[in-house]
Amino acid sequence: MRAALSLLVVALAAGVAHGDPPVDAKTQASANALFQQGQTHYQAGDYAAAIDQFKAAYDLVHDPVYLFNIAQSYRKTFDCVAAADYYRKYLAAAPAAPNKAKVDDWLRELQPCVDQRTAEAAKAAQDQAARDLAAREAADHAAKPQPLPPPKAVIVDDGRTYRIAGLAAGGAAAVGLVLGIGFAAHGSSLASSVQGACGNGCAWDQHAGDDSAGHRANTISAIGFIGGGLAAIAGVGLYYYGHSRAAIEVTPTSVAARVAF
């Protein structure tokens, strides 16, 4: 019925809009052929193809009927915004159209859909503008030179092993010195005992063992003092060498650099 109404409007309202130049027969024939093709697509339910044919016909001949058929085709595709737009163009071009009351009814029916689609389009445009702004701000931020983060200081200790060895050598020196002192005292004690016993003459063979033990104690005492002294020197040297191996490493995160103090 609506397709038939479209054909009825063609029959009743066909004509070039006021103000357009006269149309020659060849151009009108081409427009009529396009219009017929559009009507064929419309009747077959291929509304997108019908819209293309009706628009091509209107480009040749500005007949308001073509605007009406474009609006009808858009309404069939549920494109309420485009349908309402072409209905208004149709009434503007043919204000005395015989189907004006029906077109006004369709416009009222389409208005809620038009309002909703318009609001959705505005919201989508607003969201896209916000995304574009965020993208530009991110690009501007990335393009600006960023301040370097504070440098990270780490203590790098490569001398711990040397210091431990120095302390161990110091311990060995202490042991050597204690042995040296102990055996020196023991040797001195043995020497005093032998001297006291034999001060006025004695049988030497009776005190030969003490004398030999005293000499041995003195020898061990000398070894302890010498070894302890050497160990002390080595320990001090190792400890201070290991202490010098400790460093503070300052490494900025964005620049490959190492500064050791």
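To be clear, the structure that these remarks concern was listed above.
I will try to describe carefully the structure that is included in this document. Note that this is a predicted model, so its numbers are computed, not measured.

Cut-offs and rules
- Residues numbered from 1 in each chain as written.
- Predicted model: local features only at pLDDT ≥ 70, side-chain atom pairs only at ≥ 80, totals over all residues.
- Heavy atoms only, no water.
- Helix = DSSP H or I, 4+ residues; strand = E, 2+ residues; numbered from the N terminus.
- Expected span 1.5 Å × (residues − 1).
- Contact = heavy atoms within 4.5 Å.
- Buried < 20%, exposed > 50% of the residue type's maximum accessible area, 1.4 Å probe, protein only.
- Polar contact = N/O pair within 3.5 Å; in protein donor to acceptor, adjacent residues only side chain to side chain.
- Patch = residues over 30% accessible without salt bridge, like charges linked within 9 Å, V, L, I, M, F, W, Y side chains within 5 Å.
- Areas by Shrake-Rupley, 256 points an atom, 1.4 Å probe, with all protein chains shown as cover.
- Salt bridge = Lys/Arg side-chain N within 4 Å of Asp/Glu carboxyl O.
- Core = buried A, V, L, I, M, F, W, Y, C linked by side-chain atoms within 4.5 Å.
- Phe/Tyr/Trp six-rings, centres within 6.5 Å; stacked < 30°, edge-to-face > 60°.
- Lys NZ or Arg CZ within 6 Å of the ring centre and 35° of its normal.
- Disulfide = S-S within 2.5 Å.

The end-to-end C-alpha separation of helix α3 (residues 47-60) is 20 Å, in line with the 20 Å expected for 14 residues at 1.5 Å each. Residues of α3 that are buried in the fold lie against α2 (25-43) and α4 (64-76).

Time to look at the environment of D105. Inspection of the secondary structure assignment puts D105 in helix α6 (residues 100-143). Given the relative accessible area of 32%, D105 is considered partly exposed. One polar contact links D105 to R108, side chain to side chain, over a distance of 2.2 Å.

All right, on to a nonpolar patch on the surface then. On the surface, L167, V236, Y239 and Y240 cluster together into a nonpolar patch covering about 430 Å² of accessible area. Looking at the nonpolar patch, the element that brings in the most residues is helix α8 (residues 208-244), giving three residues.

Attention now goes to the pattern of salt bridges. Across all of its chains, the model carries four salt bridges by this definition. Two residues, K100 and D104, come together in a salt bridge whose shortest N-O distance is 3.0 Å. Linking K100 with D104, this pair stays in helix α6, spanning four residues, or about one helical turn. Judged by relative accessible area, which is 33%, K100 ranks as partly exposed. Taking the shortest distance from any N to any O, the salt bridge between K123 and D127 comes out at 2.8 Å. Pair noted here: K123 and D127 are both in helix α6, with a separation of four residues, about one helical turn. In this structure K123 comes out as partly exposed when scored by relative accessible area, which is 46%. Overall, D127 belongs to the partly exposed group, its relative accessible area being 28%.

Formed by 31 residues in total, the largest nonpolar core has its most connected members in Y74, Y87, Y90, V103 and L110. Sorting the residues of this core by element identifies α2, α3, α4, α5 (80-93) and α6 as the ones contributing at least two each. Looking at this core element by element, the count peaks at eight residues for α5. Residue contacts for Y87: discarding those within four places in its chain leaves F68, A71, Q72, R75, V103, W106, L107 and L110.

Attention now moves to the packing of aromatic side chains. Aromatic rings in a pair are described by how distant their centres are and how their planes are angled relative to each other. Counting across every chain of the model gives eight aromatic pairs. Each ring, one from Y42 and one from Y47, has its centre 5.3 Å from the other, and the planes form 75°; the classification is edge-to-face. The exposure class assigned to Y42 is buried, which follows from its relative accessible area of 3%. Above the plane of the ring of W106 lies R75, whose end atom (NZ or CZ) is 4.4 Å from the centre.

With that settled, the discussion passes to the state of the cysteines. Counted under the stated rule, the structure contains one disulfide. Covalently, C80 is tied to C113 through a disulfide, its sulfur atoms 2.1 Å apart. On the sign convention where negative is left-handed, the bridge of C80 and C113, at about -75° about the S-S bond, is left-handed. Linking C80 in helix α5 with C113 in helix α6, this pair joins segments that are 33 residues apart in sequence. Given the relative accessible area of 3%, C80 is considered buried.

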